[in-house]
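# Tertiary structure, described
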Amino acid sequence: MKREAFTIEYASRFTLHASRKMQIRFHCPHCDLPMLISRWETLEDFSCPACRRAIPTYVDEKAKQALEIEHCLVCDSKQLFTQKSFNRNLGLGIVAAGIVLSFWTYGISLIVVALVDLFLYKLLPPMLVCYRCDGEFRGFKPNPRFKPYNHLKAAHVKKQPTYPGAEEAEGH
């Protein structure tokens, strides 16, 4: 059964930079309901609207005042990574269209797709994502401490095996 995302949309009173609108997207740790929050007051004494259970948050003044993140505001993990804020399905659709059109355009559409990709990469802002809870943080200042996604780090943080048969190898 697919649930509708719970959305709270308000203008943030604490945002110092008019061009940066804070947005936090995460899932309830109890019932997995997707939520989008764009107002600091919402995170104080926060509970899930579906299961009504309290969700602890770890918001500090540095995040509120300067829009700087040192840790996940949802699960308090210090393991975050950066990525561009772009819809992956749309990106795959653009690439697929370029591949299909390449038969009629003799590959020129692939060059156009590559240029569109480069343009979007330069244009779109970065966002931070938590390795542990997959929380997404948009509108915050980039932190050079956080690097792009690393598969081995993700497997370590989520305690998943890094290769087929790794679970059996750990026991020996």
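Overview of the structure. (Residues numbered from 1 in each chain as written. Predicted model: local features only at pLDDT ≥ 70, side-chain atom pairs only at ≥ 80, totals over all residues. Heavy atoms only, no water.)

### Thoughts on the pattern of salt bridges
Applying the stated criterion across every chain yields a total of four salt bridges. Salt-bridge contacts for Lys141 lead to Glu68; the nearest nitrogen and oxygen are separated by 3.8 Å. Note that Lys141 is positioned in the loop between strand 6 (136-138) and helix 4 (151-157) and Glu68 in the loop between helix 1 (61-66) and strand 4 (80-84), a separation of 73 residues in sequence. Several salt bridges converge on common partners, so that one network encompasses Arg25, Glu136 and Arg138. (Salt bridge = Lys/Arg side-chain N within 4 Å of Asp/Glu carboxyl O. Helix = DSSP H or I, 4+ residues; strand = E, 2+ residues; numbered from the N terminus.)

### Focus on the packing of aromatic side chains
All told, the structure shown has five aromatic pairs when counted by the stated rule. Among the aromatic residues, ring-to-ring pairing joins Phe81, Tyr131 and Tyr149 into one connected group. (Phe/Tyr/Trp six-rings, centres within 6.5 Å; stacked < 30°, edge-to-face > 60°.)

### Some points on empty space enclosed by the protein
If you walk through the whole model with that rule in mind, you get one cavity of 30 Å³ or more. In this structure, the largest cavity spans a volume of roughly 60 Å³. Broken down by element, the lining of the largest cavity gets its largest block of residues, three residues, from strand 5 (residues 126-130). In the lining of the largest cavity, the residues fall into six nonpolar, two polar and one charged. (1 Å grid on protein atoms, 1.4 Å probe; cavity = no way out; pocket = protein on both sides within 12 Å on 5 of 7 lines; lining within 4 Å. Points joined across faces, edges and corners; volume = space filled by probe spheres on them. Nonpolar A, V, L, I, M, F, W, Y, C, P; charged D, E, K, R; others polar.)

### Thoughts on a nonpolar patch on the surface
Taken together, Val95, Ile99, Val100, Leu101, Phe103, Trp104 and Leu110 make up a surface patch of nonpolar side chains, about 740 Å² in accessible area. For the nonpolar patch, the leading source of residues is helix 2 (residues 88-105), giving six residues. Summarising the element assignment, Leu110 is placed in helix 3 (residues 108-123). (Patch = residues over 30% accessible without salt bridge, like charges linked within 9 Å, V, L, I, M, F, W, Y side chains within 5 Å. Areas by Shrake-Rupley, 256 points an atom, 1.4 Å probe, with all protein chains shown as cover.)

### Focus: unusual backbone geometry
If you check the backbone angles, Asp76 has positive phi at about 70° while not being a glycine. Of note, Asp76 is situated in the loop between helix 1 and strand 4. Under the relative-accessibility criterion, Asp76 is labelled partly exposed at 33%. Of note, Asp134 is a non-glycine position whose phi angle comes to about 65°, a positive value. Tracing the backbone shows Asp134 in the loop between strand 5 and strand 6. (Buried < 20%, exposed > 50% of the residue type's maximum accessible area, 1.4 Å probe, protein only.)

### Structural notes on the packing of helix 2 against helix 3
Contact pair helix 2 / helix 3: the axes reach a minimum separation of 6 Å and the direction vectors enclose 155°. Taken together, the axes of helix 2 and helix 3 lie roughly antiparallel to each other. Within the contact between the two elements, helix 2 uses Ile94, Val95, Gly98, Ile99, Leu101, Ser102 and Thr105 and helix 3 uses Ile108, Ser109, Leu110 and Val113. Residue composition of the contact of helix 2 with helix 3, by class: seven nonpolar, four polar and no charged. (Axes fitted to C-alpha atoms, helices over the stretch in contact; angles between N-to-C directions. Parallel < 35°, antiparallel > 145°, perpendicular 65-115°, else oblique. Contact = heavy atoms within 4.5 Å.)

### Let's talk about the nonpolar core
Formed by 25 residues in total, the largest nonpolar core has its most connected members in Ile24, Phe26, Met35, Trp40, Leu73, Phe137 and Phe140. Within the residue set of this core, elements represented by two or more residues are strand 2 (23-27), strand 3 (34-37) and strand 5. If sequence neighbours within four positions are ignored, Phe26 has contacts with Leu33, Pro34, Met35, Ile37, Phe46, Ile55, Val74 and Gly135. The next biggest cluster of nonpolar side chains, apart from the first, holds six residues, and it includes Phe81, Tyr131, Ala154 and Val157. (Core = buried A, V, L, I, M, F, W, Y, C linked by side-chain atoms within 4.5 Å.)

### Some details on the layout of surface pockets
Estimates place the volume of the largest pocket at around 280 Å³. As for the largest pocket, its lining consists of 17 residues, and the residues nearest its centre are Phe81, Gln83, Arg88, Val129 and Glu136. Contributions of two or more residues to the lining of the largest pocket are made by strand 4, strand 5 and strand 6. Ranked by the residues each element gives to the lining of the largest pocket, the list is headed by strand 5, at three residues. Looking at the lining of the largest pocket, its residues break down into eight nonpolar, four polar and five charged.

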